[in-house]
Amino acid sequence: MTQLFRSLIFVPGNNPRFLEKAKKLRADIVCFDLEDSVPDNEKVNARNLIKSALKSRQSYESSIFVRTNSPTSGKISSDLKEVVQKGIDGIVIPKVNNVKEMEKIEKILSKLEKTRNLKPIQIIPSIESAEGVVNTYNIASFGKRVYAVVFGVFDLLNDLGVEYTKESEGARYSRAKIPVDAHAAGVVAIDAIWQDLKDSKGFAKDCKLGKSLGYSGKSIIHPDQISVVHKLFHPNKSEIFWAEKVCKAYLESIKKGKGATIVDGKMIDEVHFKQAKSLLEVVK
């Protein structure tokens, strides 16, 4: 499936009604959640509901990811065992602190994919701690599975011992650093959620700020936010130029009987080509 990263909407995995309504959502990524929105006594139920939803994958219009529990929660192995199956496009891993955590997850994923005859799925690490912010470049550079990272502002501020405000002064440095590190690693960055659903003006302002910092899209928690995000994170001239360049170079490489190619020093493969093609379709 072609993939854009303008909007990533979280859907509580323990809510059958929300999982059903998600079939009609037009977000770039619909992310079934096993973490923050699901109480501990509902984790097993959420895994079962998500497994069932993935069996109806063809009914969903967006890419389907699942947010697992964190690497330090003790639950991620069980999460992956249940939800890594046909129909899933990727996973969001919350609270990633370092590459060692990614290596452990990679081993679990590779084993599950091999035994279940699945293609490699994407990983979106979520940066939500001081350690994660320091290690963002290494995390984003981890491997071919990683095409994006996401910023988690609330847990970061909690880690810093800073109270959340809409201006989030304590998160300024981290919010600015993450897209820089991501782009240096050749991936995109998705900005943090905006919690106040009643403050639409504040939400739009926050989206514009995120885009100005280099984010390609935003995490969201309500369907009404999708159209706003897509409008404000519409590809700019430089992004369109880059996408055209990628498509041209990759198609020429294919004609020569090759696959991946180099564009301006960056390795471009089929997934990058599909992303670029999808971006150009958006601006037609």
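Residue numbers run consecutively from 1 along every chain, following the written order of its sequence. For this predicted model, a pLDDT threshold of at least 70 governs which residues receive local features, and a threshold of 80 or more governs which side-chain atom pairs are given and counted, while totals over whole chains, interfaces and linings are taken from all residues. Side-chain measures were taken over the full set of non-hydrogen atoms in the model, leaving aside hydrogen atoms and water.

S.K.: Explain helix α12 (residues 270–282) here, please?
M.R.: Each full turn of the α-helix corresponds to 3.6 residues, which orients residues three or four apart in the same direction. The terminal C-alpha atoms of α12, which comprises 13 residues, lie 18 Å apart, in line with the 18 Å expected from a rise of 1.5 Å per residue. Within the span of α12, buried status applies to H272, F273, Q275, A276, S278, L279 and L280. To qualify as a helix, a DSSP run of H or I must reach at least 4 residues; to qualify as a strand, a run of E must reach at least 2; elements of each kind are numbered from the N terminus. Multiplying one less than the number of residues by 1.5 Å gives the expected span of a helix. Relative accessibility under 20% of the residue-type maximum defines a buried residue, over 50% an exposed one, and the middle range a partly exposed one, all with a 1.4 Å probe and only protein chains included.

S.K.: Before we go on, may I ask you to explain the sheet that holds strand β8 (residues 217–220) in this structure?
M.R.: One key point about sheets: their strands pair by backbone hydrogen bonds, in either a parallel or an antiparallel sense. In space, the 8 strands of this closed barrel follow the order β1-β2-β3-β4-β5-β6-β7-β8, with parallel pairing throughout. Neighbour to neighbour, the strand axes of the sheet diverge by 25 degrees on average, direction disregarded. By the bridge criterion, 5 bridges tie strand β2 (residues 29–33) to strand β3 (residues 63–67) in an arrangement that is parallel. When the sheet's bridge partners are listed, C31 is paired in β3 with F65. Along the sheet, helix α2 (residues 43–54) makes contact with β2 and β3, crossing β2 at roughly 150 degrees. Here, a strand pair is defined by DSSP locating no fewer than two bridges between the strands. Axes, fitted as lines to C-alpha atoms, cover a helix only where it is in contact. Angles between the N-to-C directions of the axes lie from 0 to 180 degrees. In what follows, a contact means two residues having at least one pair of non-hydrogen atoms within 4.5 Å.

S.K.: Before we go on, may I ask you to explain the nonpolar core in this structure?
M.R.: Within soluble globular proteins, side chains that are nonpolar tend to cluster in buried spots. Among the nonpolar cores identified, the biggest contains 56 residues, and V30, F32, L80, I91, L109, F151 and I178 are the most heavily contacted of them. In contact with L109, not counting residues within four places along its chain, are L80, V84, I91, I121, I123 and R145. In this structure, F10, C31, V150 and V188 belong to the second largest nonpolar core, which totals 13 residues. Nonpolar cores are built from buried Ala, Val, Leu, Ile, Met, Phe, Trp, Tyr and Cys residues. Side-chain atoms within 4.5 Å join them into one set.

S.K.: Is there a simple way to think about the domain arrangement of the protein in this case?
M.R.: Structurally, the protein comprises domain 1 (7–233) and domain 2 (237–282). Per the annotation, domain bounds derive from an automatic or database assignment of domains. A C-alpha centroid distance of 25 Å is found between domain 1 and domain 2. Counting residues at the interface gives 4 residues for domain 1, matched by 6 residues for domain 2. The term buried area refers to how much accessible surface (probe radius 1.4 Å) is lost by two components on association, counted for both of them together. A buried area of about 390 Å², summed over both sides, lies between domain 1 and domain 2, and 40% of it is on carbon and sulfur atoms. It is Y147, G186 and K211 that lose the most area in domain 1 upon contact with domain 2, and together they represent 74% of the buried surface on that side.

S.K.: Which parts of the structure should I look at to understand the packing of helix α11 (residues 237–255) against α12?
M.R.: Relative to each other, α11 and α12 sit at 130 degrees, their axes nearing to 9 Å. When the interaxial angle is binned, α11 and α12 end up oblique. As α11 packs across α12, the resulting crossing turns out to be left-handed. Seen from α11, the contacting residues are E239, I240, A243, E244, V246, C247, Y250 and L251; seen from α12, they are E270, H272, F273, A276, K277, L279 and L280. Small angles under 35 degrees read as roughly parallel and large ones over 145 as roughly antiparallel, with 65 to 115 read as roughly perpendicular and the rest as oblique. By convention the crossing between two helices is left-handed if the near helix lies anticlockwise of the far one by an angle smaller than a right angle, and right-handed if it lies clockwise.

S.K.: What am I meant to see in the UniProt feature "domain: HpcH/HpaI aldolase/citrate lyase" (unreviewed entry) in the protein here?
M.R.: UniProt positions are given in the numbering used here, feature names are shortened, and annotations may be inferred rather than shown by experiment. As recorded in UniProt, the feature "domain: HpcH/HpaI aldolase/citrate lyase" (unreviewed entry) lies at residues 6–223. As annotated, residues 6–223 comprises 40% helix and 17% strand, and the C-alpha atoms at either end are separated by 13 Å.

S.K.: Can you help me understand the pairing of β8 in this one?
M.R.: Regular strands place side chains that alternate from one sheet face to the opposite one. Both strand β1 (residues 7–12) and β8 contribute to a ladder of 3 bridges, which runs parallel. The partner of S7 across the bridge, within β8, is K218. Sheet topology note: the strand β7 (residues 188–191)/β8 ladder contains 2 bridges and is parallel. Within the sheet, the bridge partner assigned to D191 lies in β8 and is K218. We call a crossover right-handed when, viewed with both strands directed away from the observer, the connection leading from the first strand over the helix to the second proceeds clockwise. Since β7 and β8 lie parallel, the crossover through helix α9 (residues 200–212) that links them has a hand, and here it is right-handed.

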